[in-house]
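Take a look at the letters that make up each chain.
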There are 4 protein chains.
Amino acid sequence: MIKAGIIGSTGYAGGELVRILSGHKDVEIKWYGSRSYIDQKYADVYRNMFQIVDDVCMDDNMEKLAAQVDVIFTATPQGLCASLVNEEILSQTKIIDLSADFRLKDVKVYEEWYKIEHKAPQFIDEAVYGLCEVNRDAVRGARLVANPGCYTTCSILTAYPLAKEGLIDMNTLIVDAKSGTSGAGRGAKLPNLYCEVNENIKAYGVAVHRHTPEIEEQLGYASGEKVTINFTPHLVPMNRGILATEYASLKKNVSWEEVKAVYDKYYADEKFVRVLEKGQYPETKWVEGSNYVDIGFQIDPRTNRIIMMGAIDNLVKGAAGQAVQNMNLMFGLEESEGLELVPLFP
Amino acid sequence: MIKAGIIGSTGYAGGELVRILSGHKDVEIKWYGSRSYIDQKYADVYRNMFQIVDDVCMDDNMEKLAAQVDVIFTATPQGLCASLVNEEILSQTKIIDLSADFRLKDVKVYEEWYKIEHKAPQFIDEAVYGLCEVNRDAVRGARLVANPGCYTTCSILTAYPLAKEGLIDMNTLIVDAKSGTSGAGRGAKLPNLYCEVNENIKAYGVAVHRHTPEIEEQLGYASGEKVTINFTPHLVPMNRGILATEYASLKKNVSWEEVKAVYDKYYADEKFVRVLEKGQYPETKWVEGSNYVDIGFQIDPRTNRIIMMGAIDNLVKGAAGQAVQNMNLMFGLEESEGLELVPLFP
Amino acid sequence: MIKAGIIGSTGYAGGELVRILSGHKDVEIKWYGSRSYIDQKYADVYRNMFQIVDDVCMDDNMEKLAAQVDVIFTATPQGLCASLVNEEILSQTKIIDLSADFRLKDVKVYEEWYKIEHKAPQFIDEAVYGLCEVNRDAVRGARLVANPGCYTTCSILTAYPLAKEGLIDMNTLIVDAKSGTSGAGRGAKLPNLYCEVNENIKAYGVAVHRHTPEIEEQLGYASGEKVTINFTPHLVPMNRGILATEYASLKKNVSWEEVKAVYDKYYADEKFVRVLEKGQYPETKWVEGSNYVDIGFQIDPRTNRIIMMGAIDNLVKGAAGQAVQNMNLMFGLEESEGLELVPLFP
Amino acid sequence: MIKAGIIGSTGYAGGELVRILSGHKDVEIKWYGSRSYIDQKYADVYRNMFQIVDDVCMDDNMEKLAAQVDVIFTATPQGLCASLVNEEILSQTKIIDLSADFRLKDVKVYEEWYKIEHKAPQFIDEAVYGLCEVNRDAVRGARLVANPGCYTTCSILTAYPLAKEGLIDMNTLIVDAKSGTSGAGRGAKLPNLYCEVNENIKAYGVAVHRHTPEIEEQLGYASGEKVTINFTPHLVPMNRGILATEYASLKKNVSWEEVKAVYDKYYADEKFVRVLEKGQYPETKWVEGSNYVDIGFQIDPRTNRIIMMGAIDNLVKGAAGQAVQNMNLMFGLEESEGLELVPLFP
């Protein structure tokens, strides 16, 4: 049994980690960290867990935790993981960080977009960007994995094969993304109130959203050139799901089937990536509760652009599910262990 | 491996059966019946099943099906199962009927409330009412199980211990129930359109809803007297979930703890019934996607009434989950096999 | 032009007052009070009001306000209006209090249910309970009107004619009410977050909700006897609307038509009460954005109970609309002035 | 009093016309046309209209209707208006066609995108494209107005000033639009069921949506060049509202203030266009139930693109409200008569 600890177990991503790990046959959660609910029963914070989880919430003591568990998940705001991690901890336990602290290789970019000082830049190089479909081998050997962001997972995987194969002009890439409200977290803030979100849609963080440099960096590796994109997130009145609609000019004349073949080259054997058939476009409901990424696309010969669409459950493939996928790789388990979650419909 | 066939696999309850059975280690679905989608790929009807289910939809031929499978689930409108079943079929296979055809023991009551002639009254006596927590032993030996209705499962289990122990005056029982829209099925009808349901709540079927006699019959068995109730269903703008709020006069002066003890007498060992702690009331979101029934209650000394509340996922414990629970019992499997579904939140 | 001031103009009820008064030809809002947003532009708090309202928010100074306006609306938490009002203020201006401070005639009942000391009991007798359809004449001459609660407006009007005419056994009355989330206010609290409310329904305040004694008092006046009821509110995933489903035993054998005649006796000439035709039940969407109360009912001969249903928009007839209706009466205007709001559908 | 007739009064756009015209002091609706509900009471089709509209639904006889009314609104599927209109009708009455029949000046483009033969091409030249803010003068003198589509109204007005002033490279324009579900109409189709739309978002009509050539034509007039764009509509789980997010490369280096000045040049005096302040982006909820278009924008110096966002209520400014605005112009009334609708929030 792998012993796992979660720092930040009472946010929505933390709660999803608990849901998924509860069904993972090789893992035992030993530590439900939550600065806000210390000493309260976890099931009093998330009543869906009544009679399933009996533990109480613990503090954020990563050193103490490191001595007890084989892997620590940090599902906390940016800055926390970097402020706690050190060599001694990493020598004792593996860390999967669901925050942004170790996702960007250039610390200046991190500090510019996140407006905070990075407290552990010495581990940035070592950290592996945990997008399993792209970095599988590196993840296997990692001590510290930077779990990708929700928008970024969806945005990158949707465009990755075409960027990699040079099919699209990277300077023309635009990502228009739509997310359910759980992405905003469980903090009690006015803009997240039911009556403010319901029957409403809006863009936010236009041209300044922090997932932008993460997408740019990863698609830059794929395409071999510096990538600068427009990324516009929108808040949608639903709990879960991200849909990314991506636009790019094609660099050559290709048919739907040729593009499909490119996607298949990278994803045909990927359990969690489903490239849809012709004329099918992804819908977030079809992946709800599961670790799937659904991808569809359409070529517009009038404009010579391709419109790529990807859908994920932001809390699963966009956070907790991908974290468990990374954990499975790091511990030599079947990559899909505990993640055979059939999407819930309706 | 148990071979299962589903007649009516493309309704919402049928779809949920597929979801649950897909994760059941001892079952293999051999027949995806769907009169409306014959020869179409099942995954084209429910795209969440893309790359999970590869089969195409079959017709409703129960005789042919009986020869191939160990158990048939009928998730069809009332009347169909009764019109197809016969002794030869029942001698070859077990049937779990998710429709109302075999739930009521008095065929006249059935015909009066459902306004159709019963085509197989000879099997009514044999059929076992598949409310596992109440009829577990009878289910084990059954060939034909009448899977309870969604409203009824929730309404009965919420009041059952108090009816059984004579704590409440059955003549005063009122059930005010609220259901998500999946209970209305996947038929393309104007009242079920998004814009008609969203931002709206209404009562329907007031004083005439067909689940009324089913609740009355079962609570009549429990209390040992003839029971006549008011049952009022409401349509709520959400996909899943039923909440039943039930009112009854107490026959004697009891404390919260005494009532809790009565609930515990019946449910303390029930895996799928969670009686909540003092001051906690059930919410449908806490059971979404799972087979749980959550029950809470409050005594009002001012009126000497007890207010009991129960919540289920109408497609799981209210339909497909309970059907699988029945199947597990009928085949001697662990009752919770394939049903260890942690509720999805949010 | 009537000069109006609003204390608490940035809550949802306050915002609705602004919306309605903006379209009222005889009223000018002179004071947008809001303790939380002093000196901020009102349109920055409610951006729907951009280019419609140019004013900034003011503090809660009722004395200063009284010297400037003809009528003050207090859309504030309980306790505030009672703590500010005094004889000098009431000699200068009229007050319509949307809080509970002056709704209950027995100060002990107020203090028991609201758990606060009443700071101005000397005005309780004078205050008129502003349920226009019941107390129209008294409202006309009032200086201080207690605007009814949202649940209570709906609950009382739905049962009022039957209570008044002695058709129902008041001891059997049960009110099961369902409300949209705007009733919970605009405070940033975790239970009101989108992800907590969406896809969920729950009861709350069971047996202890503060609107209970208000319903009891008013239906007591109507029926001429002491009334004790069960009132159970539920939170529904929608922004606006209240549906009250009410159950009571009939005291005599009556037909649908006879009951309809009783409703018509009281409501046939009421512009804002619509008693539906046979077989029709109210839906909250049909009254959204309007000042209507829709009422329907069904008799159940099996149980000898009547099920009455009423629907309102909680922010209009349940708060701001009714307040304006009261204002119209107090100032001798056409009662429906500014309230000819056609329900928004869908 | 202007006498108005509505063909297609029982669709969502038709219903909204009834709502708005009910509050218009100079208009009387004489004909509630509805092929599907002939002889049924209008208020039985839309119960929000109970006791407001007493009429019954009539057939689609445009000739008969033309003799009785001053203006006909056709809120019907494409093809119907063109198949009914003739010179005699137009000599008797004005027509405001809410369908697409007369929006496109090139009949071949119409027939290519709509896949139907145009039955009245002789009126295409005469028809005025009724985007009031752009074609106000032409509308005033028109007999036949082609009321713009919902997506197109929002998409065009959001980009119009920048296209007109040559600020953006029209070849780079991409419109990613999101619509509430009422845009799909009231037809009973499976994809529009509550459970299919709720908790879901998807793109549809990718690269082939019929509003594309309409946007292209109008922005072509504005910019003076042939325009070819990508337009991608998405279905959002809400009743009302369209948000268009538009991307284009800037042709020169401009500041936010300079762009704002360009918007103000065209819209500062427009009652129904609200250009938001710096840092503000439109939300559909802020315009719900009103005739406003809210517009915001952001410049991204990293990519040299501008991101423009526009929001409308698809049933008001996107359909019925704009139709009434056109009617007001055609009859020499105040342009905003009957349209002083304050947005409903929440």
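Use the structure listed above.
So, here's what we can say about the structure. Per chain, residue numbering runs from 1 following the sequence as it is written. The naming scheme follows written order: chains are lettered A onward, ligands numbered 1 onward. Reporting of local features is limited, given that this is a predicted model, to residues whose pLDDT is at least 70; pairs of side-chain atoms are given and counted only at 80 or more, and all residues count toward the totals for whole chains, interfaces and linings. The basis for every side-chain value is the complete set of heavy atoms in the structure, and neither hydrogens nor water enter the calculation.

### Looking at the pattern of salt bridges
For step 1, the next point in the chain: Counted as salt bridges are all cases of a side-chain nitrogen of Lys or Arg within 4 Å of a carboxyl oxygen of Asp or Glu. With the rule as written, the count across this model stands at 104 salt bridges over all chains.
For step 2, the next point in the chain: Salt-bridge contacts for Glu196 of chain C lead to Arg186 of chain A; the nearest nitrogen and oxygen are separated by 2.8 Å. Here Glu196 of chain C is found in helix H9 (residues 194–197), whereas its partner Arg186 of chain A is found in the loop between strand E7 (174–179) and helix H9 (194–197) on a different chain.
For step 3, the next point in the chain: Accessible area is worked out with a 1.4 Å probe on protein chains only. A residue is then buried under 20% of its type maximum, exposed over 50%, and partly exposed in between. Classification of Glu196 of chain C by relative accessible area gives buried; the value is 10%. Helix and strand definitions follow DSSP, with helices as H or I runs of at least four residues and strands as E runs of at least two, each counted in order from the N terminus.

### Section: the sheet that holds strand E3 (residues 71–74) of chain B
For step 1, the next point in the chain: Pairing is parallel in the open sheet, where 6 strands are placed in the order E2-E1-E3-E4-E6-E5 (chain B). Because the sheet does not close on itself, it has two edges, and the strands there are strand E2 (27–33) and strand E5 (128–129) of chain B. Here, a strand pair is defined by DSSP locating no fewer than two bridges between the strands.

### Points about the interface of chain C and chain B
Frequently, the measure chosen for interface size is the accessible area that the parts lose on association.
For step 1, the next point in the chain: Two residues qualify as a contact provided that any one of their heavy atoms is within 4.5 Å of a heavy atom in the partner residue. With 49 residues of chain C at the interface, the matching set in chain B holds 49 residues.
For step 2, the next point in the chain: Two parts placed together each lose some accessible area under a 1.4 Å probe, and adding up what both lose gives the buried area. Roughly 4000 Å² is buried in total at the junction of chain C and chain B, and carbon and sulfur atoms are behind 55% of that figure.
For step 3, the next point in the chain: Interface area lost by chain C to chain B is led by Glu199, Ile201 and Arg302 of chain C, which between them contribute 17%.
For step 4, the next point in the chain: If you look at where chain C meets chain B, you find 6 salt bridges.
For step 5, the next point in the chain: Here Asp176 of chain B and Lys178 of chain C are joined by a salt bridge, their closest N and O atoms 2.9 Å apart.
For step 6, the next point in the chain: Polar contacts, as used here, are pairs of N or O atoms within 3.5 Å; protein pairs need one atom able to donate a hydrogen and one able to accept it. Residues neighboring in sequence count only if both atoms are side-chain atoms. There are 30 residue pairs in polar contact (both at pLDDT 80 or more) connecting chain C and chain B.
For step 7, the next point in the chain: At the level of elements, strand E7 (174–179), H9, strand E8 (202–203), helix H10 (211–223), strand E9 (230–235), strand E10 (242–249), strand E12 (293–300) and strand E13 (305–312) of chain C are the ones that each hand at least two residues to the side of chain C that touches chain B.
For step 8, the next point in the chain: Broken down by element, the side of chain C that touches chain B gets its largest block of residues, 4 residues, from E7 of chain C.
For step 9, the next point in the chain: In this count, Pro and Cys sit with the nonpolar residues alongside Ala, Val, Leu, Ile, Met, Phe, Trp and Tyr, while Asp, Glu, Lys and Arg are called charged and the others, Gly among them, polar. Per-class residue counts for the side of chain C that touches chain B are 22 nonpolar, 14 polar and 13 charged.

### What about helix H12 (residues 316–330) of chain A?
Residue and element names in this part refer to chain A.
For step 1, the next point in the chain: Residue count minus one, scaled by 1.5 Å, sets the expected span of a helix. Its 15 residues give H12 an end-to-end C-alpha distance of only 18 Å, which falls more than 12% under 21 Å, the value for a rise of 1.5 Å per residue.
For step 2, the next point in the chain: At Gln322, H12 shows its maximal bend, which comes to roughly 45°.
For step 3, the next point in the chain: With 15 of its 15 residues buried, H12 lies for the most part within the structure.
For step 4, the next point in the chain: A positive phi of about 70° marks Gly332, the residue just after H12. What the bend at a residue measures is the angle between two axes, fitted to the seven residues ending there and to the seven starting there.

### Notes on the packing of aromatic side chains
For step 1, the next point in the chain: When two rings of Phe, Tyr or Trp (its six-membered ring) have centres within 6.5 Å they constitute a pair, described as stacked for plane angles under 30 degrees, edge-to-face for angles over 60, and tilted for the intermediate range. Counted according to the given criterion, the structure contains 42 aromatic pairs over all chains.
For step 2, the next point in the chain: Here the aromatic rings of Tyr110 of chain A and Tyr114 of chain A are separated by 5.1 Å at their centres, their planes lie at 25°, and the arrangement is stacked. You can see Tyr110 of chain A and its partner Tyr114 of chain A sitting in helix H6 (residues 107–114), 4 residues apart, about one turn around the helix.
For step 3, the next point in the chain: Each residue in the set Tyr32, Tyr42 and Tyr46 of chain A together with Phe345 of chain B is aromatic and connected to the rest through ring pairs, giving one cluster.
For step 4, the next point in the chain: Between the NZ or CZ atom of Lys94 of chain A and the centre of the ring of Phe331 of chain A, over which it lies, the distance is 5.7 Å. The criterion is that NZ of a Lys, or CZ of an Arg, lies within 6 Å of the ring centre and within 35 degrees of the ring normal, and then a charge sits over that ring.

### Quick word on the relation of the copies chain C and chain B
For step 1, the next point in the chain: The superposition of copies rests on a least-squares fit of C-alpha positions from residues with pLDDT of 70 or more in both. When chain C is brought onto chain B, the operation consists of a screw motion whose angular component is 180° and whose axial shift is 0.0 Å, with 0.0 Å RMSD remaining. Considering both components of the superposition, the chain copies are consistent with a two-fold axis. Taking the C-alpha atom as reference, chain C places Pro237 of chain C closest to the rotation axis, 3.3 Å from it.
For step 2, the next point in the chain: Looking at the interface residues of chain C, 100% of them are also at the interface in chain B, so both copies use one shared face.

### Comments concerning the pairing of strand E4 (residues 94–97) of chain A
Residue and element names in this part refer to chain A.
For step 1, the next point in the chain: Pairing of strand E3 (residues 71–74) with E4 involves 4 bridges; the strand directions are parallel. Residue pairing for E4: Val71 is matched across the bridge by Lys94.
For step 2, the next point in the chain: Bridge count between E4 and strand E6 (residues 144–146): 3 bridges; the pairing is parallel. What sits directly across from Ile96, in E6, is Val145.

### Notes on the relation of the copies chain C and chain D
For step 1, the next point in the chain: Placing chain C over chain D gives an RMSD of 0.0 Å and needs a rotation angle of 180°, together with 0.0 Å of translation along the axis.
For step 2, the next point in the chain: When the interface residues of chain C are mapped onto chain D, 100% of them again lie at the interface, so the same face is used by both copies.

### Focus: the state of the cysteines
For step 1, the next point in the chain: Here, the term disulfide refers to a pair of cysteine sulfur atoms separated by no more than 2.5 Å. For the structure shown, the criterion picks out 0 disulfides over all chains.
For step 2, the next point in the chain: Free cysteine: Cys132 of chain C, not disulfide-bonded; nearest cysteine sulfur from Cys154 of chain C at 15 Å.

### Quick look at the interface of chain C and chain D
For step 1, the next point in the chain: Taken together, the contact pairs 36 residues of chain C with 36 residues of chain D.
For step 2, the next point in the chain: When chain C packs against chain D, close to 3100 Å² is buried across both sides, 59% of that on carbon and sulfur atoms.
For step 3, the next point in the chain: At the boundary of chain C with chain D, the tally comes to 0 salt bridges.
For step 4, the next point in the chain: For the side of chain C that touches chain D, the elements supplying multiple residues, two or more each, are helix H1 (12–22) and strand E11 (273–275) of chain C.
For step 5, the next point in the chain: Sort the elements by how many residues they give to the side of chain C that touches chain D and H1 of chain C lands first, with 4 residues.
For step 6, the next point in the chain: Across the side of chain C that touches chain D, the residue classes tally to 17 nonpolar, 8 polar and 11 charged.

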